[in-house]
Amino acid sequence: MVDRATQTWSDSQFDLFSDYLKANDALVLNNTRVFPARLAGERWPSGGAMELLLIREVEPNLWETLARPARRLRKGSRLVFGGSRLHAEVVELLKDGMRLVKFESSESLDQVIDDLGETPLPPYIKRDMGSAAEDKERYQTVYASQRGAIAAPTAGLHFTPTVLENVQARGASITEITLHVGYGTFEPVRTDDLDKHRVAAEWSSVTDEAAAKINHARELGGRVVTVGTTTTRALEAAVGSDRRIAARSGFEDLTIVPGYEFHAVDLLLTNFHLPRSSLLMLVSAFAGRELILAAYRHAVREGYRFYSYGDCMLIR
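Rules and cut-offs
Residues numbered from 1 in each chain as written. Predicted model: local features only at pLDDT ≥ 70, side-chain atom pairs only at ≥ 80, totals over all residues. Heavy atoms only, no water. Helix = DSSP H or I, 4+ residues; strand = E, 2+ residues; numbered from the N terminus. Contact = heavy atoms within 4.5 Å. Axes fitted to C-alpha atoms, helices over the stretch in contact; angles between N-to-C directions. Parallel < 35°, antiparallel > 145°, perpendicular 65-115°, else oblique. Left-handed = near helix turned anticlockwise from the far one by under 90°. Pairing = 2+ DSSP bridges. Salt bridge = Lys/Arg side-chain N within 4 Å of Asp/Glu carboxyl O. Buried < 20%, exposed > 50% of the residue type's maximum accessible area, 1.4 Å probe, protein only.

Engineer: Requested: an account of the environment of phenylalanine 17, with residues and values cited.
Structural biologist: Looking at where phenylalanine 17 falls in the secondary structure, it is placed in the loop between strand 2 (8-9) and strand 3 (26-30). The spacing of phenylalanine 17 and phenylalanine 272 is 255 residues in sequence and 17 Å in space, taken between C-alpha atoms. Setting aside residues up to four positions removed in sequence, phenylalanine 17 forms contacts with Leu27, Phe159, Val163, Val167, Val225, Leu269 and Leu314.

Structure follows, in structure tokens:
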């Protein structure tokens, strides 16, 4: 746990998470669900192997994708997946190996993707195609329900039904919102001028019910506790200067860097992030760069685990 007021930190265990909450606090979760967005196929008719990572559906059956090997996929390239079950064509070349791809199938595209695709695990988790079907369920939060993410909101992976029950037993509320984690969350920061970095737009939704529940908690004197940087960005995009949350749905590209003034979030639960990432920039904005770097040095000394299945810290 990192304390901004005292500029200190302490070690704890996640099953004690609810001990840090108070009655009327609002715990806010991102209920996005990872879908099997990694598709292995062939170029047609040559038969050369290729792979697509589905990033964002621009319109029905038209997707922004990350292609590999991108140099082999030119405009007009035809692709086939699962035999004759799914066909596609590259309709536009985008930057950084991205391709705009139009899919064709006699079946529901979502169903075909669910059947043929694999969970797009981070590259440091090594899996061969077809070797880890169990990841479709393991790489999810226990409250994941809204299909659309290409990566799990990893701070939420720590929660179990028992921990959530303990949160409610403390008198805190639990509210779900949605932000479909996309490529923008993990795209490296490639400039030293942080004002020039933009997080690629990701679809987000805060319902009327969720906004009312969070606002009511605040009216009762409770604090807003967000689980993960994705939840934080979604709420900060939906808040006014009066700190009230407004319902909204659509693509959000809010980029939070040091100097940003937070209006929605009081406490943040987050994993440990890589250098030159927008996630680390957000955490540094929330707690201060020097405090976060000091806490990270402590985490390294104590053997804390980084990355998606790693440890986490609560910043208050």
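That was the structure; now back to the text.
Engineer: So what about the packing of helix 6 (residues 229-237) against helix 7 (residues 278-287)? Which residues, and what values?
Structural biologist: It is at 10 Å that the axes of helix 6 and helix 7 come closest, and there the two elements cross at 65°. Judged by the inter-axis angle, helix 6 sits roughly perpendicular to helix 7. The element helix 6 and its partner helix 7 pack so that their crossing is left-handed. Of helix 7, the residues touching helix 6 (which contributes Thr229, Thr232 and Arg233) are Leu279, Leu282 and Val283.

Engineer: Any chance you could break down the sheet that holds strand 7 (residues 62-68) for me, citing the residues and the numbers?
Structural biologist: Strands sit in the order 5-6-7-10-9-8 around a closed barrel of 6 strands; the barrel is antiparallel. Taken over all neighbouring pairs, the strand axes of this sheet differ in orientation by 45° on average, direction set aside. Pairing analysis gives 5 bridges linking strand 7 to strand 10 (residues 98-104), with the strands arranged antiparallel. Each residue of the ladder has a partner; that of leucine 62, found in strand 10, is lysine 102. Across the sheet, helix 1 (residues 109-116) is in contact with strand 5 (38-44), strand 6 (49-59), strand 7, strand 8 (78-81), strand 9 (86-93) and strand 10; its angle to strand 9 comes to roughly 100°.

Engineer: Give a description of the pattern of salt bridges that names residues and reports values.
Structural biologist: Across all of its chains, the model carries 19 salt bridges by this definition. A salt bridge links arginine 85 to glutamate 107, with the nearest nitrogen and oxygen atoms 2.9 Å apart. Highlighted residues: arginine 85 in the loop between strand 8 and strand 9 and glutamate 107 in the loop between strand 10 and helix 1, separated in sequence by 22 residues. Among the residues examined, arginine 85 registers a relative accessible area of 26% and is labelled partly exposed. The salt bridge partner of arginine 289 is glutamate 290, with a shortest N-O separation of 3.0 Å.

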